[in-house]
Amino acid sequence: HGGTDTQTVLRDVAETVFVAATGGTDHSGDAIETVLQYAIDAVPASMTTHASGLKHSWIVEFQDDSTYSDTPPAQTTVLGFIESKQTDAEHRLTLRAQAGRHPVIAAPILDIQSGITIRNDYVTIQGFDIVDINNTALSVAYSTGTNIIGNRILVSDIANTQFNMEYGAIVLTSATDTLIANNIV
C-alpha cells in the first residue's frame, strides 16, 4: 500500500455584501446594496454551513461616508434589524465601515426607536456614526457574542429625544459575552 490517503481540507471563508449609497456593482459584478436592511437581508439565514460544505462568515461592508436613513418597513421602528441568522463563534455576521470611512445611520423620522437592533448571536457592529435616534442607537437583546466596536453615537437635540436614563446609547437586555470597545457617545 505505497499510497497515502488524502484529505480534503475545507477552510472557512468570508463572503461580503457591499453597501454604497450610489449603488452599482462590486468587483465580481454583484449588485451593491443601497439600503441597510436589504444588505442585512442579503445574508443567508445560515452561516454555519453552505451547499459547498464550506462554512461562511459574512461581512456587510459600507464603502462610503453617506447617510443611510432608510424608511423602515411598515410596523417597525428600527432602521437595521438583525435576527434569525444561524451563526456561531467562528461564523459571525459583521456590519462594518470600510477602512477610513464613517457611514452615518440616521433616523428619517422621529418615530425611529433604534438605529440598529440585534437579536442574534455573534454579530459585530463596527465603525458607524449613529445619529439622532429617538431612544436607543444600538440595542442588543437575547444575544451572545456581540461586538460593538469603534462607533460614534451622536444626538444633536437631546432635549427633544427620549435618549436619556430611560433608554440610552447602547442598551443590553439579556445579552452575554458582549464586547463594547472604543465607542464615543
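Procedures and definitions
Residues numbered from 1 in each chain as written. Predicted model: local features only at pLDDT ≥ 70, side-chain atom pairs only at ≥ 80, totals over all residues. Heavy atoms only, no water. Pairing = 2+ DSSP bridges. Helix = DSSP H or I, 4+ residues; strand = E, 2+ residues; numbered from the N terminus. Buried < 20%, exposed > 50% of the residue type's maximum accessible area, 1.4 Å probe, protein only. Phe/Tyr/Trp six-rings, centres within 6.5 Å; stacked < 30°, edge-to-face > 60°.

Participant: Could you give me a rundown of the sheet that holds strand E6 (residues 104-106), with the residues and numbers involved?
Facilitator: An order of E3-E6-E9-E12 is seen for the four strands of this open sheet, with the pairing classed as parallel. Single-partner strands in this sheet number two, and they are strand E3 (67-68) and strand E12 (152-154).

Participant: Report on the pairing of strand E2 (residues 56-62), specifying residues and quantitative values.
Facilitator: Looking along a regular strand, one sees the side chains alternate between the two faces of the sheet. With seven of seven residues buried, E2 is to be regarded as a mostly interior element. Neither face of E2 is exposed, since His56, Trp58, Val60 and Phe62 on one face and Ser57, Ile59 and Glu61 on the opposite face are all buried. Relative to strand E5 (residues 93-97), E2 runs parallel, the two being bridged by five bridges. If you follow Val60 over to E5, its bridge partner there is Leu95.

Participant: With reference to specific residues and values, describe the environment of Leu36.
Facilitator: Summarising the element assignment, Leu36 is placed in helix H1 (residues 36-41). By relative accessible area, Leu36 is classed as buried at 1%. Along the chain, Leu36 and Leu95 lie 59 residues apart, while their C-alpha atoms are 9.7 Å from each other.

Participant: Tell me about the packing of aromatic side chains, residues and numbers included.
Facilitator: Counted according to the given criterion, the structure contains two aromatic pairs. Ring centres of Phe62 and Tyr68 lie 5.0 Å apart, and the angle between their planes is 85 degrees; on these two criteria the pair is classed as edge-to-face. With respect to class, Phe62 is no different from Tyr68; both count as buried. With a centroid separation of 5.0 Å and 85 degrees between ring planes, the pair formed by Phe62 and Phe128 is classed as edge-to-face. Placement of Phe62 in strand E2 and of Phe128 in the loop between strand E8 (123-126) and strand E9 (129-131) is noted, with a sequence separation of 66 residues between them. Residue class for Phe62 comes out buried when judged on its relative accessible area of 0%. For Phe128, a relative accessible area of 0% corresponds to the buried category. Put simply, the rings of Phe62, Tyr68 and Phe128 touch in pairs and so form one group of aromatic residues.

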